[in-house]
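Remarks on the overall topology
Residues per chain are reported as follows:
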Amino acid sequence: MIEIRNLTRLYNGIAVVDDVSLTVKTGELVVLVGTSGSGKTTLLRMINRLIEPSSGQVLIEGADTATLPAHLLRRRIGYAIQGHGLFPHWTVAQNIATVPRLLGWPRPQIDARVDELLALFQLDPAQFRNRMPHRLSGGQAQRVGVARALAAKPDLLLMDEPFGALDPLIRAKAQADLRDIQRRLGTTLILVTHDMTEAVDLGDRIAVMDGGQLVQYAPPARILTDPATPFVRDLIGTGDRALRLLSLTPVSDVAAPGRAEGPPIPAEASLRDALAECLWSGRDALPVAGGGVITLDTLRALARPR
Amino acid sequence: MTGRWMMAIAGMVLAAFLVAPDRFAPLFQPLTRNGAPAIYQQTSILSLTLSHLGIVTVAVLASTVAGLVLAILVTRRSGREFLPLARTVTAVGQTLPPVAVLALAVPVMGFGTGPTLVALFLYGMLPVFENALAGLTGQSPQVAEAARGMGLTPVQRLWQIDLPLALPLLLAGMRLTAVISLGTATIGSTVAARTLGEVIIAGLLSANTAFVVQGGLVVGILAVLIHHGFQALERRARLRTGLD
Amino acid sequence: MPRIQPPAVLFALTGLAGLALPLVQLRPNRIVPGEGIALAGLPGGAAITIVMAVVLLAACLPRWTADLRLGVAIAGLLAVLLLLGMAATHLQQSGNALARVSPAVGFWLLLLAFGLMAADAVGRLRLSLTWRWAMLAGAVGIAAAILVSGILDGVSVMREYASRSDLFAREARAHLTLALGSLGLALLAGIPLGIAVYQSPRWRGPVLSVLNIVQTVPSLALFGIMIPVLGWVAATVPGAGAAGVSGIGAFPALTALFLYALLPVVSNTLAGLTGVPVAIRDAAVGLGMTRAQVLGQVLMPLALPVLLAAVRIVMVQNIGLAVIAGLIGGGGFGTFVFQGLNQTAMDLVLLGALPTVALALVAGIALDLLVQGTRRPAP
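Only a predicted model underlies this, so the values are computations on that prediction, with no experimental measurement involved.

Taken together, the 20 residues of chain C in the interface contact 23 residues of chain A. The tally of links between chain C and chain A comes to one salt bridge. Put simply, Arg45 of chain A and Asp282 of chain C hold a salt bridge, and the shortest N to O gap is 2.5 Å. The tally of links between chain C and chain A comes to five residue pairs in polar contact (both at pLDDT 80 or more). Within the residue set of the side of chain C that touches chain A, elements represented by two or more residues are α11 (278-286) and α12 (291-321) of chain C.

See the structure below:
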């Protein structure tokens, strides 16, 4: 569990982060979202003390992070940034091995870990191990950057706009993969983005920052249906929030007993997918793979604030 | 701002020294031994300074004209073939030590101001050429495209677009050339050119530190003044073209 | 009508001028002026002149490929050197023992023509790094072989060398010691200083201004001032004299060169370090490297190409400036240059100036290749 208590950072007397408190449960994916200058990146960088707080505390599993030497703290916390920051003079394997090497892992263990991570990120170890960063595509470099952050099995992973440099097609896939890997490893993840759609798609909870202050900290559905301030409402944009809301719930959660005609929809598809399929195929109800149906009426009801 | 004041003060001290060097004798006296003169007397330092500046000015102007013309030629369509060669020659030429170039000019030209002038001219051409080339080739393709699109002839493009835009870099090249020439010209007095090197060498030969220091100071202050003068011109040129 | 290669026309014109003008100069003794003799004026020279003129003109034809041109240029360079040697030997035999044969303007023009042709061809061939290293090694090897073979022994510069070969070896060592020693010292002091001003930006302005001012002091004066200053230090600071500080000999020259070398080393170290993208530095710190680890494992390796560029600048600059040491008794090739100027013995001037130029050229090209070898493509 990560506890952020009354964290403040002043620059020339002006609070860039102003008395922010929030708690992240173990295994959760929390997204810090806000416009540029909202203090979200500063907040993230105070967690691994790339920026020292002016006041307040960060507790990891109850232990105050200020008591550790900063570089030892950072070796326990994974860190991945926009544009990935790979070291251009080291191979992919050397890049991924950075923190294990700093921690003095034995060589065979490091090699095994590098191969394991490459495989996890769908990069063939034999092909990519000795490649130099400049010969990676944007998507590959991004994955290596995340693999490097995860190398020493950190309990906490911090990411600053990790998908910022990717084009939209690769980004969607990278987001899905990250979500998948985070679930599988059970890593606590705090991610910074300015993109509300990304926040809604990825976050278990979203922390909205504005002018250095935390204006709302809630699950995505709550943010969409009940924005705390006009600023949050502007940030989510009201045009397609019904669709966004539907996209948060998988079909299997609301499937009711019954029968319907036509080809079934996969159980893990979202309600938004189900709505699209209904409209496209002109049906009022769809059978769900593995049993049950989903009806247009259900969808209509769920697309409104509860 | 403080920089400008310091330049002004340095310039005034230099002017005062050149007009009445003997007034400064007490300042240099501690550097002499056995009652040697504190101020160089054989020739007036003012005339040496003027001759020194004259040689440097002629050399810099000649290098600028030649370097610029060459840079224009190799960037025209008909001269493109020479561009790679010109780059290579410039790179190689700049590795040649100025002192050695000076020494090599003597067997061909004999002693006097001539070899110094030629060495300074040849050596000074390189920075001007290199910078003029960078200025003429470095502008954004949109500008060139726009100029062509508006129907400017190649000659009009050169005079109205390319050269004005290359001006800041050309001035930077002239600054490099001027500062290098100023220092190298002092060595010219070893081949009997009339420059401030005469004062320094007289000091070296008679172990009179006062001469070495006063010769060095005059050249040094001139170099700083010229360096800053050109930088001010460059800044103005850059401001005009909106590059800053 | 095939298009004619414009650069080749320039080479041909230069070469033809060289053929028409005196190849060598024959003087009754070491210091008096003499008469110029063109290649055609030597026995068998007329035929060689015609062959060379034809080759130079033929090279203008567009059919010729770059490697063919390179071959012709190399052959031409070798031929010009051999002709100089043979002319010297021939004229020596027919004249008195004191007579001197030195290269004249025709020789230099021919050398320039074929040299430019070679440079142009090498530029067009876009050779790989390995090939360019091989070519540099080959050129140095061939030049050394020609000098050792004795073909040029009749030429005045080589006779000047023959009469003082021991001295030459000593001054060559002294010159290299001055240039390399001051470079080494400048790296030892300049890299830490560059790192220091990188880490505390407040000091950047002051340190760089001081070093800039040092550069404006004319070399002659800086060398000269070092003598009394270091003499005073050796006499007054306890232990300085014992540590090797001295106002006479090579030490003042070494110190002056060191001071000149400091600015490029410090400013390029700084430029190399500040040139590392923020994301990379951030990642290094964020992954938990200590300050020393960030510097040693990430920043310095990435700054290396820029630092090597400084080494190139300093190396070439110091080889040239070390000549001035000859004027203040610091040794090196400058000793010959200034002795020669004093005695109006131009052959002696050449004995000092030519090795300096060759050394600077080879060092410049070698370090350029080294810099290119370490430059990495951006990620």
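Following the structure, the description resumes.
Quick look at the domain arrangement of chain C now. Residue and element names in this part refer to chain C. Assigned domains within chain C: domain 1 (6-156) and domain 2 (165-374). Relative placement of domain 1 and domain 2: their C-alpha centres are 35 Å apart. Contact with domain 1, which involves twelve residues of that partner, is made by 13 residues of domain 2. Counting each side, the surface lost to burial between domain 1 and domain 2 is near 1,000 Å², with a carbon and sulfur contribution of 67%. When residues of domain 1 are sorted by the area they lose upon contact with domain 2, Arg30, Trp133 and Leu136 head the list and together hold 44% of the total. For the interface between domain 1 and domain 2, the tally reads two salt bridges. Between Arg100 and Asp347 there is a salt bridge, with its nearest N and O atoms 3.3 Å apart. Inspection of the domain 1/domain 2 interface yields four residue pairs in polar contact (both at pLDDT 80 or more).

Right, let's get into the packing of aromatic side chains. Scanning the model with the defined rule gives eight aromatic pairs over all chains in all. Between the aromatic rings of Phe87 of chain A and Trp90 of chain A, the centroid separation amounts to 5.2 Å while the plane-to-plane angle is 85 degrees, which identifies the pairing as edge-to-face. One exposure class covers both Phe87 of chain A and Trp90 of chain A, and it is buried. When the ring of Phe168 of chain C is compared with that of Phe336 of chain C, the centres are 6.0 Å apart and the planes differ by 10 degrees; the resulting orientation is stacked. Of this pair, Phe168 of chain C sits in helix α7 (residues 165-199) while Phe336 of chain C sits in helix α13 (residues 334-342), and the two are 168 residues apart along the sequence. Judged by relative accessible area, which is 0%, Phe336 of chain C ranks as buried. The cationic tip of Arg9 of chain A hangs over the ring face of Tyr11 of chain A; the distance from NZ or CZ to the ring centre is 4.4 Å. A cation sits over an aromatic face here: Arg131 of chain A above Phe128 of chain A, 4.7 Å from the ring centre.

Attention shifts here to the arrangement of the chains. With two pairs of chains in contact overall, the greatest share of contacts is found between chains B and C. Note that chain A does not reach chain B: the shortest distance linking a C-alpha of one to a C-alpha of the other is 26 Å.

Time to look at the confidence of the model for chain B. This prediction gives chain B a mean pLDDT of 85; 98% of its residues lie at or above 70. Looking at the elements of chain B, mean pLDDT is at its lowest for helix α7 (residues 141-149) of chain B, recorded as 77, and at its highest for helix α3 (residues 45-75) of chain B, recorded as 91.

Turning to unusual backbone geometry, a few remarks are in order. Within the chain, Glu161 of chain A stands out as a residue other than glycine whose phi angle is a positive 45 degrees. In this fold, Glu161 of chain A is placed in the loop between β7 (156-160) and α8 (168-185). The backbone of Ala192 of chain B sits at a positive phi, close to 70 degrees, despite the residue not being glycine. Counting through the fold element by element, Ala192 of chain B comes out in the loop between α8 (154-188) and α9 (197-205).

Here is what the cut-offs are and how they apply
- Residues numbered from 1 in each chain as written.
- Chains lettered and ligands numbered in written order.
- Predicted model: local features only at pLDDT ≥ 70, side-chain atom pairs only at ≥ 80, totals over all residues.
- Heavy atoms only, no water.
- Contact = heavy atoms within 4.5 Å.
- Salt bridge = Lys/Arg side-chain N within 4 Å of Asp/Glu carboxyl O.
- Polar contact = N/O pair within 3.5 Å; in protein donor to acceptor, adjacent residues only side chain to side chain.
- Helix = DSSP H or I, 4+ residues; strand = E, 2+ residues; numbered from the N terminus.
- Domains from an automatic or database assignment.
- Buried area = accessible area lost by both parts, 1.4 Å probe.
- Phe/Tyr/Trp six-rings, centres within 6.5 Å; stacked < 30°, edge-to-face > 60°.
- Buried < 20%, exposed > 50% of the residue type's maximum accessible area, 1.4 Å probe, protein only.
- Lys NZ or Arg CZ within 6 Å of the ring centre and 35° of its normal.
- pLDDT = per-residue confidence, 0-100.

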